[in-house]
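Examining the three-dimensional arrangement
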Amino acid sequence: MSVPCSPNIGSSSPSGKSGSEFRQINALDWDANPLPVVPTGAVSWGVVATVKADTRAIARFIAWHLDIGAKSVAIYLDAPDEKQIEALRHPNVKLVACDDAHWGKRRFRPDQHQLRQVRNATEEWRKTQHEWLAHIDVDEFLMPPHPMAEILSNIPISCAVLQVPPVEQLAGAKGELFKRTATYAGLKKNALREVYPTFGHYLRGGFLSHLEGKVLLRASGRPRAAKVRLGIHMAYWQGEKISNRITLPDLPLGHAHAPDWETFKKHLAFRREKGSYRNKIGEKFLLAELLDFLDQENGEDGFKLLFDEAALATPDLIDRLGKRNMLLKYPLDLDGALRRWYPGFSS
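Residues numbered from 1 in each chain as written. Predicted model: local features only at pLDDT ≥ 70, side-chain atom pairs only at ≥ 80, totals over all residues. Heavy atoms only, no water.

1. Structural notes on the sheet that holds strand β12 (residues 235–237)
Rule in force here: Pairing between two strands requires that DSSP report at least two bridges joining them. Helix numbers and strand numbers start at the N terminus; a helix is a DSSP run of H or I with at least 4 residues, a strand a run of E with at least 2.
Pairing is antiparallel in the open sheet, where 3 strands are placed in the order β11-β12-β13. At either margin of the open sheet sits one strand with a lone partner, and together these are β11 (228–230) and β13 (240–241). Pairing between β12 and β13: 2 bridges, direction antiparallel. Across the sheet, the residue bridging to Y236 is K241, located in β13.

2. Digging into the nonpolar core
Rules: Side-chain atoms within 4.5 Å are what join buried Ala, Val, Leu, Ile, Met, Phe, Trp, Tyr and Cys residues into a set we call a nonpolar core. Partly exposed describes any residue whose relative accessible area lies between the buried limit of under 20% and the exposed limit of over 50%, with all areas from a 1.4 Å probe on protein chains only and scaled to the type maximum. The contact criterion used throughout is that any non-hydrogen atoms of two residues lie within 4.5 Å.
One finds W45, F61, I62, I75, L142, L162 and L216 to be the most contacted residues of the largest nonpolar core, which totals 48 residues. Top element by residues in this core is helix α1 (residues 55–67). It accounts for 7 residues. In this structure W45 touches H65, I68, G69, A70, K71, S72, H130, W132, L142, M148 and L152, once residues within four positions along its chain are discounted. In terms of nonpolar packing, the next biggest core, distinct from the first, is built from 30 residues, F264, L287, L291 and L327 among them.

3. Structural notes on the sheet that holds strand β6 (residues 140–142)
The criterion, for reference: For every element, the axis is a line fit to its C-alpha atoms; helices are fit only across the contacting stretch, and the angle between N-to-C directions ranges from 0 to 180 degrees.
Taking strand neighbours across the sheet as the criterion, the 5 strands line up as β6-β15-β8-β9-β16 in an open arrangement whose pairing is mixed. The outermost strands of the open sheet, each flanked by one partner alone, are β6 and β16 (327–329). Across this sheet, the average inter-strand angle for adjacent strands is 35°, counted without regard to direction. With 3 bridges connecting them, strand β8 (residues 166–169) and strand β15 (residues 253–255) associate as parallel partners. The partner of V167 across the bridge, within β15, is G254.

4. Side note on the pairing of strand β5 (residues 132–135)
Of the two faces of β5, both are covered, the one formed by W132 and A134 as well as the one formed by L133 and H135. One ladder, built from 4 bridges, connects strand β2 (residues 45–51) with β5; its direction is parallel. By the bridge assignment, G46 is partnered in β5 with L133. When β5 meets strand β10 (residues 214–218), the two strands line up antiparallel, connected through 4 bridges. Paired with L133 across the strands is L217, a residue of β10.

5. Notes on unusual backbone geometry
Notably, R107 is not glycine yet its phi reads approximately 75°, a positive angle. Topologically, R107 is positioned in the loop between α3 (100–104) and α4 (113–127). With a phi close to 60°, K174 is a non-glycine residue in the positive phi region. In this structure, K174 sits in the loop between β8 and β9 (177–179). The class for K174 is exposed, based on a relative accessible area of 80%.

6. Considering helix α8 (residues 286–297)
The criterion, for reference: Here a helix's expected span is defined as the number of its residues, less one, multiplied by 1.5 Å. The directions from the helix axis to the C-beta atoms are what the arc is built from.
The terminal C-alpha atoms of α8, which comprises 12 residues, lie 16 Å apart, in line with the 16 Å expected from a rise of 1.5 Å per residue. Listing the buried residues of α8 in full gives L287, A288, L290, L291 and L294. Along the long axis of α8, the arc covered by the buried residues comes to 160°, so they all point the same way. Pointing more than 90 degrees away from the buried face of α8 are the exposed residues Q296 and E297.

7. A look at the pattern of salt bridges
Definition in use: The working definition used for a salt bridge is a side-chain nitrogen of Lys or Arg within 4 Å of a carboxyl oxygen of Asp or Glu.
In total, this model carries 21 salt bridges according to the counting rule given. The partner of R116 in a salt bridge is D78, and the shortest N-O contact between them spans 2.9 Å. Taken together, the positions of R116 in helix α4 and D78 in the loop between β3 (72–77) and α2 (82–88) put the pair 38 residues apart, joining distant regions of the chain. Note that E262 and K265 form a salt bridge whose closest N and O atoms lie 3.7 Å from each other. In this pair, E262 and K265 both sit in helix α7 (residues 261–273), 3 residues apart, roughly one turn of the helix.

Here it is as structure tokens:
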């Protein structure tokens, strides 16, 4: 089990790695469609997210990223509420109400929430004054093992995109335990059936959520490339993936996708119909088919069996993950960050 230091403790990781020693996996097609970048030399970064969540959850998301060094956080509120906006006000936070007036200036409001996310994120990238902009969701948290400024200062100057891989939070472990994919641990796919005996065959990488991770996109190039857009999991230029990118496997993105049974159950219907559990046209998504089967055969009890095996931090699952280098412990102290940046919120 790897235990990174708290972002507030110091600049060295438990392994002794510095930012320059981070593993960097270059894309094989680096020269295929590179986005021209002219780094300013200033290490600064921000976060953008389009959100629809309760106020405390949004505040914790904001506070965490400010706590680990983000200069600002831009929040596009998909269902704006004046009381929520007032509660979230902070000098380092940009709050955008995505109301009729907002979309009226942009011709129309996309029906799919994913399209609203990418339009808002791309717009923010074109405006940002930071060197880097991270596009992530309200239940995702960058988890650097040492300061982000140190990590970013060692990125190759020709790199335009940083890909950060996800780790999925386990429920019932005070938010501090996360699981990695078998691929990260260098294991073959059949290892998933050993870790998840009943459902491993249906889980991509052993996850209930996405494996693609998210990106930070460099924003310092001049002139700004008009045909750049941020996607959900990637950044594009001239309709193609930006090729001058690297993956930082030692900078995980903690995904609180199913932090407890009630949250998992609450979002299940939406995810199956419009979100990450739907079967897209032309694709065969085993998890979607599994959920359909469980619904027909067992109903909610079947969903609970899946949650308990794949998401709950039972001693057996922790042991199986730990033995295979698929377990990560990280002090994701969201409430501590909340107290520092929004002291008005009660614990």
